[in-house]
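Breakdown of the fold
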Amino acid sequence: MSKVHLLFPTPLYQSHIDVNQKWLECVKTLDYVRTSHDNGWITSDLNIWKNKDLSDLYNSIKIKVEDFGYEKLGVANHVEFDIVRGWSIKHNPNDWSHRHYHTNSIFSGIYYLSVYSNSGNIVFEKSEHYQNCFVSTYQPDLQFHNHINNRIATIKPVNGTLLLFPSQLLHRVEKNMSKN
């Protein structure tokens with residue numbers, strides 16, 4: 001009998017928090033500037049958690065962060081988790097997000113307040129520097145794709161989707177093809 005062990009996998013936590021209309025209305029009123037890549041809009045305030053109208057959202061996300069850390073990753077209970085920054089991104093039609101990772105952070109997260117059909121999936125990519133069974137200089141033709149040999153993973157978010165992942169995980173958002 002043969003067996004494949006999955007050694008050192010990269011965790012991607014997916015959960016759901018029902019959207020509160022108050023949060024959506026609050027985020028819509030924030031000040032936004034065009035991103036440096038001219039592919040979307042970002043809040044000028046990079047710590048929107050100071051807004052009292054988002055305190056319930058912050059607390060709901062904090063509970064999920066603790067579930068991910070303590071229950072899924074096995075982090076000892078004496079270790080404290082803190083959400084130190086938060087901002088909002090909005091993508092108008094034809095906006096998108098380039099391939100990137102987050103610096104000066106251990107874990108990152110995305111919470112979707114308002115998603116439309118064709119508004120852009122999130123795509124996670126295997127870095128050129130991540131070496132598992134196939135290095136970036138050797139990519140054989142494959143008969144099938146699975147969680148071992150895939151180089152990308154695509155998630156179609158819905159309102160309320162929460163994703164938490166190691167900050168070094170490359171990700172991008174496809175072009176918003178909706179009219180919203």
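Up top is the structure.
A few points on the structure. (Residues numbered from 1 in each chain as written. Predicted model: local features only at pLDDT ≥ 70, side-chain atom pairs only at ≥ 80, totals over all residues. Heavy atoms only, no water.)

1. Considering the nonpolar core
Here is the rule we go by: To form a nonpolar core, buried Ala, Val, Leu, Ile, Met, Phe, Trp, Tyr and Cys residues must be joined to one another through side-chain atoms within 4.5 Å. For each residue, the accessible area found with a 1.4 Å probe, counting protein chains only, is set against the maximum for its type, and the residue is called buried under 20%, exposed over 50%, and partly exposed in between. Labels follow the DSSP assignment, with helices taken as runs of H or I lasting at least four residues and strands as runs of E lasting at least two, numbered in each case from the N terminus. Should any heavy atoms of two residues lie within 4.5 Å, those residues are counted as being in contact.
Core analysis: the largest hydrophobic core is formed by 23 residues, its most contacted members being Trp23, Trp49, Leu54, Leu57, Ile61 and Tyr111. Of all the secondary-structure elements, those providing two or more residues to this core are α1 (21–29), α2 (55–72) and β9 (161–166). Tallying contributions element by element places α2 first for this core, with six residues. Residues in contact with Tyr111, not counting those within four places in the same chain, are Ile17, Asp18, Val19, Trp23, Leu57, Ile61, Gly160, Thr161 and Leu162. Core analysis: the second largest hydrophobic core is formed by 10 residues, Tyr112, Val115, Leu163 and Val173 among them.

2. Regarding the sheet that holds strand β4 (residues 89–90)
The strands making up a sheet are joined through hydrogen bonds of the backbone, oriented either antiparallel or parallel. The condition that has to hold: Whether two strands pair depends on DSSP finding at least two bridges between them.
The strand order across the open sheet formed by three strands is β2-β3-β4, and the pairing between neighbours is antiparallel. Among the strands making up the open sheet, the edge pair consists of β2 (32–34) and β4. In terms of strand pairing, strand β3 (residues 41–43) meets β4 through two bridges, oriented antiparallel. For Ile42, the partnering residue across the bridge sits in β4 and is Ile89.

3. A few points about the layout of surface pockets
As a reminder of what qualifies: Only protein atoms enter the 1 Å grid used here, on which a cavity is any set of points holding a 1.4 Å probe that cannot leave and a pocket is any open set flanked by protein within 12 Å on both sides along at least five of seven lines; residues with an atom within 4 Å of a point are listed as lining. Grid points are joined across faces, edges and corners, and a volume is the space filled by probe spheres set on the points. Three categories are distinguished: nonpolar for Ala, Val, Leu, Ile, Met, Phe, Trp, Tyr, Cys and Pro, charged for Asp, Glu, Lys and Arg, and polar for the others, with Gly belonging to the last.
Of the voids in this model, the second largest pocket is the one considered here, and its volume is about 870 Å³. Lining the second largest pocket are 26 residues, with Pro9, Thr10, Tyr130, Asn132 and His147 sitting closest to its centre. Put simply, the parts of the chain that give the lining of the second largest pocket at least two residues each are β7 (122–125) and β8 (152–155). Looking at side-chain class alone, the lining of the second largest pocket contains 15 nonpolar, eight polar and three charged residues.

4. Describing the packing of aromatic side chains
Note the following rule: Each Phe, Tyr or Trp ring, with Trp reduced to its six-membered ring, pairs with another whose centre is within 6.5 Å; inter-plane angles below 30 degrees give stacked pairs, above 60 give edge-to-face pairs, and intermediate values give tilted ones.
Evaluation of the coordinates by the stated rule reveals six aromatic pairs. Ring centres of Tyr13 and Phe68 lie 5.1 Å apart, and the angle between their planes is 40°; on these two criteria the pair is classed as tilted. Note that Tyr13 is positioned in strand β1 (residues 13–16) and Phe68 in helix α2, a separation of 55 residues in sequence. The residues Tyr13 and Phe68 share a single accessibility class, namely buried. An angle of 85° between the planes, with centres 5.4 Å apart, marks the rings of Phe68 and Phe107 as edge-to-face.

5. Concerning the pattern of salt bridges
What counts is decided by this rule: By definition, a salt bridge exists where a carboxyl oxygen of Asp or Glu is found within 4 Å of a side-chain nitrogen of Lys or Arg.
All chains considered together, the criterion is met by seven salt bridges. When the shortest N-O distance is used, the salt bridge between Asp95 and Arg34 registers 2.8 Å. Taken as a pair, Asp95 in the loop between β4 and β5 (97–100) and Arg34 in strand β2 lie far apart in primary sequence, 61 residues in all. A relative accessible area of 29% means that Arg34 is categorised as partly exposed. Three or more residues joined by partner-sharing salt bridges are found here, namely Arg34, Asp38 and Asp95.

6. Re the side chain of Ser178
Note the following rule: Whenever a nitrogen or oxygen atom comes within 3.5 Å of another N or O atom, the pair is scored as a polar contact, on the condition that within protein one atom can donate a hydrogen and the other can accept it, and that pairs from neighbouring residues in sequence are kept only if both atoms are in side chains.
Residue placement: Ser178 occurs in the segment after β10 (170–173). Taking the relative accessible area as the measure of exposure, Ser178 reaches 8% and is therefore buried. Within the structure, Ser178 has its side chain in polar contact with the side chain of Asn176 (distance 2.7 Å). Contact partners of Ser178, with chain neighbours within four places excluded, come to Pro93, Tyr116, Ser117, Asn118 and Ser119.

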